[in-house]
Number of protein chains: 2
Amino acid sequence: MNTPKIVIVGGVAGGASCAARSRRLSEEAEIIMIERGPFVSFANCGLPYHVGEVIKEEEDLLVASPELFRDRFNIDVRIQCEVTKIDRENKTVTIRKMTTGETYDETYDYLVLSPGAAPLRPPLPGIDHPAVFTVRNIPDIRAIKEMTGNGEAKSAVVVGGGFIGLEMAENLHHIGMQVSVIEMAEHVMPVLDKEMATMVNEHLDSMRVDLYLGSAVQSFENGPDGKPLVNLASGEQIAADIVIMAIGVRPETGLAKAAGLDLGPRGGIAVDGFMHTNDPNIFAVGDAVEVEGYVMGGKRLIPLAGPANRQGRLVADVILNPDKPKPFRGVQGTAVCGVLGMTVACTGETEKSLGLMAKDGKVIEYEKVYSHPFSNATYYPGAQQISFKLIFAKEDGRVLGAQAVGLAGVEKRIDVVAMAIQMGATVYDLEEAELCYAPQYGSAKDPVNMAGMIAANVLKGVSKIVHWPDLENFDGILIDVRDPEEYATGFAEGAINMPLDSLRKNLDSLPKDKEIWAYCYVSQRAYFAERILTQHGYNAKTVSGGILSYWAADADA
Amino acid sequence: MNTPKIVIVGGVAGGASCAARSRRLSEEAEIIMIERGPFVSFANCGLPYHVGEVIKEEEDLLVASPELFRDRFNIDVRIQCEVTKIDRENKTVTIRKMTTGETYDETYDYLVLSPGAAPLRPPLPGIDHPAVFTVRNIPDIRAIKEMTGNGEAKSAVVVGGGFIGLEMAENLHHIGMQVSVIEMAEHVMPVLDKEMATMVNEHLDSMRVDLYLGSAVQSFENGPDGKPLVNLASGEQIAADIVIMAIGVRPETGLAKAAGLDLGPRGGIAVDGFMHTNDPNIFAVGDAVEVEGYVMGGKRLIPLAGPANRQGRLVADVILNPDKPKPFRGVQGTAVCGVLGMTVACTGETEKSLGLMAKDGKVIEYEKVYSHPFSNATYYPGAQQISFKLIFAKEDGRVLGAQAVGLAGVEKRIDVVAMAIQMGATVYDLEEAELCYAPQYGSAKDPVNMAGMIAANVLKGVSKIVHWPDLENFDGILIDVRDPEEYATGFAEGAINMPLDSLRKNLDSLPKDKEIWAYCYVSQRAYFAERILTQHGYNAKTVSGGILSYWAADADA
C-alpha cells in the first residue's frame, strides 16, 4: 500500500520529521498532522535562549510553518487541534478543535503518536501562582517574557538543575537577573556523575548563581507584593519575581493508555525496534516512548530532539519504503548543555546509570580514568582545561561512556567518543585515533587519545590506578610529586611532597612494605613516578585525575 | 632484555615520544637521544604562529628541555650532535659534535631513527638569496623574525600553498604584511580535491592575499635594493621583502640509505608494522618513514606529529614491553589547517588519492555527496556554513573520506568522521550517529548525520544524484527550484526557474522523455523536487551540492 492515510499526532521534532519523510517517500499518501499548539516544528531547544534575548525574534524559533508543510509537502496540518480518543477497532481518532470545542472523527490507516513529554508540575501548595512557569512551548515563553522582557523582574528561582533548568538559569542570568537554582540532588546536572557535576556547581557559584543543593520545594506562597515566595523543606524561604519549574518531564501517555496501548517499565509508550506499539497500525516516537539503551540495554526515556527525528524518519520508512529499514539502534544518551560559558557533555553510560543497571541484574565490571587535558596546544593562546572522565569495560576495554566539562573543546571530544561507542570501539581505538591537529585546534595527543592511552596503560597493567574516594581506607603512603611551590598551594590530606624530578634520589626514604600512592596536578607526573617506583620494587599506584580531581570531589564534601 | 642500550636519532615528536615511553617502561635501559639542533621536543607545529606574534615568546615553543629529559626521564640528551654514520655490523653510530667538529663512536643495542623531513629547496638560480627562507625549526624562525619583527618588511612571497605555506601566509598577513602565494597547482591545499580547495582560493582572495595559481618559480634575483625578486615561469616578476619556500618536504633518508637500509617506493625509509627497518636492531619513525594508508592501503609519506608520536611510543613498546603490542594501524591522513579565519580539514581518501590508487591498480567504486550544513542551529546566532564532501564506497557504503571547509565547526565534524573511518563505519552509521546537540553547538540533524542521510538516500536509490561537471554532456532539462528572488541572484547556465512549492502545479510543463536535473541553494529542496518528479513518472536527478557547489566550481573555471 503506497497510498495509506497517515495521521500524525504532534507536529514537532519526531512528528514533523515523520510527515516530511513520508511525503518524500510517497506523493499519494494522505498525511494529516495534528498539533495541539499554535505552531508546528518549532525550535523547542531554542526556547530558553529567546528568554535570554540571544535569539531575538520569536519568528526565528519557527523552523517550518503550517503553510510550508501544506505547500511544500502537501500535508494537511491542523493546528490547535487535540486528539482526544483513539478507536483502534474502527481505526479512527476523535479530534477536538481547541478554538471552538467542536469534535469530529478522522480515520487512519496508520497512526503515529508523537505527543512529547510534559514538564512536571507537582501538586505543591501555591504552585498555581501566576509567576510559576514551565518551559515547553512558545506560549510558555511568551508568558515568561511578559515578565522578564521589560526589565522589571530582577530575580528568578529555577527549580531543577538539569538541562532545561540550567539553560533557563543561564539565560535569566544573561539578561541581568539574580538567579537561584534549587536542586534536590547534591549537585546540578543529575545525569552526570557527582564528581563531574560538582565542577558545574562551582562554576555556577563563581558566576554568582545561588545554589540550593539537596533542597526540595515544599510550597509556594503569594508574597505581600504579589510576588511568589518559595518555601524549601529546610525552612528557608526565597523571594523571587518569577519561578521556573524545570524538575523534569513526564511522557504524554494519556491518549495511548486510554486506547489500551502498552506502556513500558519506565512509564513511556512501549515500542519495538520499528517504533510499533502493540497495535500494528499505531506507531509512537519521540519523548513519549521508551527506547533501548544502546550500550548496556535496558529501557530508557530520553527526551532529545536527535533520536526523535530519527525515529520519525524510521516510521516513514517502515510504512512507505519497500526496502525494510534497519531497526532503531537505541539511544546512547549523548547530550550537551551550555552553562554560563561552560560546556557540559556526556555520552554513553555513567557510573550512576551502570549502578542502576547493576540493580536490575545487568552487571559489568568497569574502570574509569580521569584526565584534565587542554582544548588545544597549551603553547597556543586560549587553551582551556577540560575535565574528562572515561568509563570502560575491564574485560575488553570497550568504551562505555564519557563525561566532560570545560570552557572549550568539550563537545568535540564527546562527539568523537559518541561515534566510537556507536562503533563498539575500545580504549585502544581511542588511543590510536587520528584526529585533526594544529595548535589552535587540538594537541598532537588529543584529549581523546590521552584518555585512551591512560586507560590502555591501566588495562595492560602498565599503570595501576586508584581513585580519591579509595583514600578513606588507605593506610599506605600518599606522595605529592609536584614541585614544592605547587604543593604549597594546597595538597591532599596526609600527602608528603616528593617532587618527581628528585624521586630517584630519594627512593630510600620510602618503605617497600606499604602501598605508595602518587598524585600530582593531573596525575601525569604521578604516572611517571609510579613507573619509577614500580620498577624499583615498590608497590605503587597513581591516583587518577590528580589534585584537580581531589579538589573537585572535596568541594562537594 | 630489559636493559638495552637505545640510541635515538632525532629529539622531536617521534624521537622524544620514544625516549620518554622507553624510560617509563624501563628504569634500567640506557637511553641516548641525539639531536642535531639546539632544541629537543620543540613545537614545530607552532613555528608559523611565532612569526605571526600569536605565540609571543620563543620559549613557549619549547615543550620539554634537554634538562627535563635528563632530570625527569634520566635520558642522555646530546644536542647539536649529528649522527654521520651507522655501522650495522658492529652496532655503532658515529656522532659529530657540531660545535667542535669532533667525532666519536657510540654503540647501541637498538637504534631508532627519527630524522624527520627537510623542506625542499630546489636548485633554482638565486635561491641562496639571504631573504629566501624555509621553515623547519627555531633557528629558521629566528632568522625570519629578524626580518619581520621590526615592522620594516612589508611584503612576502610564499612559494607553495600547502599547510605550511598557508599557515605562514596567515601569520605574515596577521602582522600586516602584503602576502603573495605562488602555487603550482590550480588551487591551494593540493591535498584537497579541487572543488573544495577552490573555496580556500576565494577566501584568500577576499582577504587580499595575492594568489598566483598554476605558477612556478623560475628563479630569484637580487633586486636593486638588495631585496629578492621572484621570477615566475609566466614571465611575471614579484618583488618582496622576504620569500618563504614551502613547497613540501623530503624525508631525511641519507643516513639510512648510506647504511644500506631499504627505502620504499615513495622514497621514505621502509618499515614494517612494528617500525622495524630491514635491520632488526634498527627502527625508524616519523616524517622519514613510509607507512601504510589505513583506508585503501598503499605506501604514504605523511609528515604529521600525531602519527609520529604514536610510532615513537610503539617502538618503545616493541623493545621493552613484554606484551607484544599491536602493529601500527597506518595513517588516515587526518589534517586541519587554519587559513585566515577559515578552517580546512580532511580525513581519509580524496578523489585525488583514489585516482592515484586506481592508477596503481587499486580500484574502488565510489560515490560522493556535497552538503552545506551550518555549524550550529541557524536560529542561534553565529551559525556558519560548512562545505562538506563525503566520499563512500558504492558497494557497501563504507566511508572512505571527508573534506570540509568553513569558518566554524569544521574540524569537529572531520574528527567524528575520522573516528568513523577508523572503525570501518558506513554512511548508515553516520546517518544514525548520536552527537551532541544544543542550538549553540550543532543541529538536531548534525552535519555528520546530514551527510550520512544524503549518502544513504543515494545508496538506497531514494535519490539519484549527478555532479556539476556532468552538466557538460547533459541534454535534458535543468531546473532551479529556488524562489524567483533567489534565482535572480544568479543561476547555473541553462537552468529554468521552477520553484519547489509550486512544482506540483507545473508538472505538465515538463517532458517525460528527458532527464530532469534539479538544484537549489544546497540541493535539499532539489531533493524534495526530485522525489515529487520521480513519483510522478519523471526521470529526475538532483545535482549534489546545489548552486553553492556550482559557484565554487565555476570560480575556478
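Everything numeric in this text was worked out from a predicted model, so none of it was measured.

The rules behind each value
For every chain, the first residue of the written sequence is number 1, and numbering continues from 1 along that sequence. Throughout, the order in which chains and ligands are written sets their labels, letters from A for the former and numbers from 1 for the latter. Owing to the predicted nature of the model, reporting of local features is limited to residues with pLDDT of at least 70; listing and counting of side-chain atom pairs is limited to 80 or more, with chain, interface and lining totals taken over all residues. Water and hydrogen atoms play no part in the side-chain values, which are based on all heavy atoms of the structure. DSSP-based pairing: two strands are paired if at least 2 bridges between them are found. Think of it this way: any DSSP run of H or I at least four residues long counts as a helix, any run of E at least two long counts as a strand, and we number them from the N terminus. An axis is simply a line fitted to the C-alpha atoms; with a helix, the fit covers only the stretch in contact. Between two such axes, the angle follows the N-to-C directions and lies from 0 to 180 degrees. Note on definitions: a residue-residue contact is assigned when non-hydrogen atoms from the two residues lie within 4.5 Å. Note on definitions: buried area is the accessible-area loss of two parts on being combined, 1.4 Å probe, summed for both. Salt bridge criterion: a side-chain nitrogen from Lys or Arg within 4 Å of a carboxyl oxygen from Asp or Glu. In the scheme used here, Gly and all other residues not listed as nonpolar or charged are polar, with Ala, Val, Leu, Ile, Met, Phe, Trp, Tyr, Cys and Pro taken as nonpolar and Asp, Glu, Lys and Arg as charged. Copies overlap after least-squares fitting; the atoms used are the C-alpha atoms of residues with pLDDT of at least 70 in both. By this rule the span expected of a helix is its residue count minus one, scaled by 1.5 Å. Three exposure classes are used, based on accessible area relative to the maximum for each residue type with a 1.4 Å probe and protein chains only: buried under 20%, partly exposed in between, and exposed over 50%. Boundaries between domains were set according to an automatic or database domain assignment. Any pair of nitrogen or oxygen atoms within 3.5 Å is treated as a polar contact; in protein, a donor-acceptor pairing is required on top of that, and neighbouring residues in sequence qualify only through side-chain atoms on both sides. Site definitions follow a grid-based scheme: protein atoms alone, a 1 Å grid, a 1.4 Å probe that fits but cannot get out for cavities, and for pockets an open set with protein on both sides within 12 Å along at least five of seven lines, plus lining residues having an atom within 4 Å of a point. Grid points are joined across faces, edges and corners, and a volume is the space filled by probe spheres set on the points. Orientation is classified from the angle alone, with under 35 degrees giving roughly parallel, over 145 giving roughly antiparallel, 65 to 115 giving roughly perpendicular, and any other angle giving oblique. The criterion for a disulfide is a pair of cysteine sulfur atoms lying within 2.5 Å. Note on handedness: a clockwise path from strand one over the helix to strand two, with the strands aimed away from the viewer, defines a right-handed crossover.

### Concerning the sheet that holds strand 2 (residues 30-35) of chain A
All names here are of chain A.
And step 1. Here 5 strands make up an open sheet; going across it, the order is 3-2-1-7-19 and the pairing parallel. Among the strands making up the open sheet, the edge pair consists of strand 3 (76-79) and strand 19 (282-284). Strand-to-strand twist of the sheet, defined as the mean angle between neighbouring strand axes without regard to direction, takes the value 15°.
And step 2. As paired elements, strand 2 and strand 3 share 4 bridges and run parallel to each other. Of the residues in strand 3, the one forming a bridge with I34 is R78.

### Comments concerning the interface of chain A and chain B
How big an interface is tends to be expressed through the accessible area that disappears when the partners come together.
And step 1. If you look at the interface, chain A gives 92 residues, while chain B gives 92 residues.
And step 2. If you sort the residues of chain A by the area they bury against chain B, R72, Y379 and E434 of chain A come out on top, with a joint share of 11%.
And step 3. Our enumeration of links across chain A and chain B arrives at 12 salt bridges.
And step 4. Its salt-bridge partner being R329 of chain A, residue E432 of chain B comes within 3.7 Å of it at the nearest N-O pair.
And step 5. Here the residues of the side of chain A that touches chain B are counted per class, giving 43 nonpolar, 20 polar and 29 charged.

### Section: the relation of the copies chain A and chain B
And step 1. Screw-axis analysis of chain A against chain B gives a translation of 0.0 Å along the axis, an RMSD of 0.0 Å, and a rotation angle of 180°. Such a turn and shift between the copies fits a two-fold axis.
And step 2. An overlap of 100% is found between the interface residues of chain A and their copies at the interface of chain B, pointing to a shared contact surface.

### Considering helix 10 (residues 410-422) of chain B
All names here are of chain B.
And step 1. Over its 13 residues, helix 10 extends 19 Å from the first C-alpha to the last, a length consistent with the 18 Å expected when each residue adds 1.5 Å.
And step 2. Burial runs high along helix 10: 13 of the 13 residues are buried.
And step 3. Residue G424 follows helix 10 closely and has a positive phi angle near 75°.

### Thoughts on the domain arrangement of chain A
All names here are of chain A.
And step 1. Split by domain assignment, chain A resolves into domain 1 (5-45 + 60-116 + 250-320), domain 2 (132-247), domain 3 (341-459) and domain 4 (465-554).
And step 2. Our count for the contact surface shared by domain 1 and domain 2 stands at 1 salt bridge.
And step 3. In this structure, the salt-bridge partner of R136 is E252, at a minimum N-O distance of 2.5 Å.
And step 4. Inspection of the region where domain 1 meets domain 2 yields 2 residue pairs in polar contact (both at pLDDT 80 or more).
And step 5. Class assignment of the residues belonging to the side of domain 1 that touches domain 2 gives a composition of 6 nonpolar, 2 polar and 2 charged.

### Thoughts on the pattern of salt bridges
And step 1. All chains considered together, the criterion is met by 62 salt bridges over all chains.
And step 2. For K97 of chain A, the salt bridge identified is with E102 of chain A, shortest N-O distance 3.8 Å.
And step 3. A salt bridge links E252 of chain B to R36 of chain B; the shortest N-O distance between them is 3.2 Å. Of this pair, E252 of chain B sits in the loop between strand 17 (249-251) and helix 7 (254-258) while R36 of chain B sits in the loop between strand 2 (30-35) and helix 2 (47-51), and the two are 216 residues apart along the sequence.
And step 4. Classification of E252 of chain B as partly exposed rests on a relative accessible area of 22%.
And step 5. Under the relative-accessibility criterion, R36 of chain B is labelled partly exposed at 34%.
And step 6. When salt bridges that share partners are traced, they join R36, E82, R96, R136 and E252 of chain A into one network.

### So, empty space enclosed by the protein
And step 1. Per the stated rule, a full pass over the model turns up 5 cavities of 30 Å³ or more.
And step 2. Approximately 100 Å³ is the volume found for the largest cavity.
And step 3. In terms of lining residues, the largest cavity is bounded by 15 residues, among which G306, P307 and T334 of chain A together with L435 and Y437 of chain B are the most central.
And step 4. It is helix 8 (residues 305-320) of chain A that provides the largest number of residues to the lining of the largest cavity, a total of 4 residues.
And step 5. Taken as a whole, the second largest cavity holds about 40 Å³ of empty space.
And step 6. Every element with two or more residues in the lining of the second largest cavity is listed here: helix 1 (14-25) and helix 3 (66-73) of chain A together with helix 14 (524-535) of chain B.

### Things to note about the packing of helix 14 (residues 524-535) of chain A against helix 1 (residues 14-25) of chain B
And step 1. Packing of helix 14 of chain A against helix 1 of chain B leaves a shortest axis separation of 8 Å and a crossing angle of 45°. Overall, the two elements helix 14 of chain A and helix 1 of chain B adopt an arrangement that is oblique. Here Y527, F528, R531 and Q535 of chain A of helix 14 of chain A come into contact with helix 1 of chain B, specifically with R21, R23, R24 and L25 of chain B.
And step 2. Residue composition of the contact of helix 14 of chain A with helix 1 of chain B, by class: 3 nonpolar, 1 polar and 4 charged.

### Brief notes about the state of the cysteines
Two cysteines form a disulfide when their sulfur atoms are joined by a covalent bond.
And step 1. Tallying each qualifying case throughout the model produces 0 disulfides over all chains.
And step 2. We note that C436 of chain B lacks a disulfide partner, and the nearest cysteine sulfur, in C346 of chain A, lies 7.5 Å from it.
And step 3. Residue C436 of chain B is classed as buried on the basis of its relative accessible area, which comes to 0%.

### Observations regarding unusual backbone geometry
And step 1. For N74 of chain A, which is not glycine, the phi torsion reads 55° and is therefore positive.
And step 2. Along the chain, the position of N74 of chain A falls in the loop between helix 3 and strand 3.
And step 3. Residue K91 of chain B is not a glycine yet carries a positive backbone phi of 50°.
And step 4. Positionally, K91 of chain B belongs in the loop between strand 4 (81-87) and strand 5 (92-97).
And step 5. A residue is classified by how much of its surface remains accessible, and K91 of chain B, at 25% relative accessible area, is partly exposed.

### Quick look at the pairing of strand 12 (residues 210-213) of chain A
Residue and element names in this part refer to chain A.
And step 1. Summarising the sheet, strand 11 (residues 178-183) and strand 12 pair through 4 bridges and their orientation is parallel. Looking across to strand 12, one finds that V181 is bridged to L211.
And step 2. In this fold, the crossover linking strand 11 to strand 12 by way of helix 6 (residues 194-206) has right-handed handedness.

### Thoughts on the sheet that holds strand 24 (residues 366-371) of chain A
All names here are of chain A.
And step 1. On the basis of which strands lie adjacent, the open sheet formed by 5 strands has the order 22-23-26-25-24 and antiparallel pairing. The sheet terminates laterally at strand 22 (335-339) and strand 24, the two strands that pair on one side only. Shown here is a sheet whose adjacent strand axes are inclined to one another by a mean of 10°, direction ignored.
And step 2. Pairing geometry for strand 24 and strand 25 (residues 386-393), over 6 bridges, is antiparallel. Note on strand 25: the bridge partner recorded for S371 is F388.

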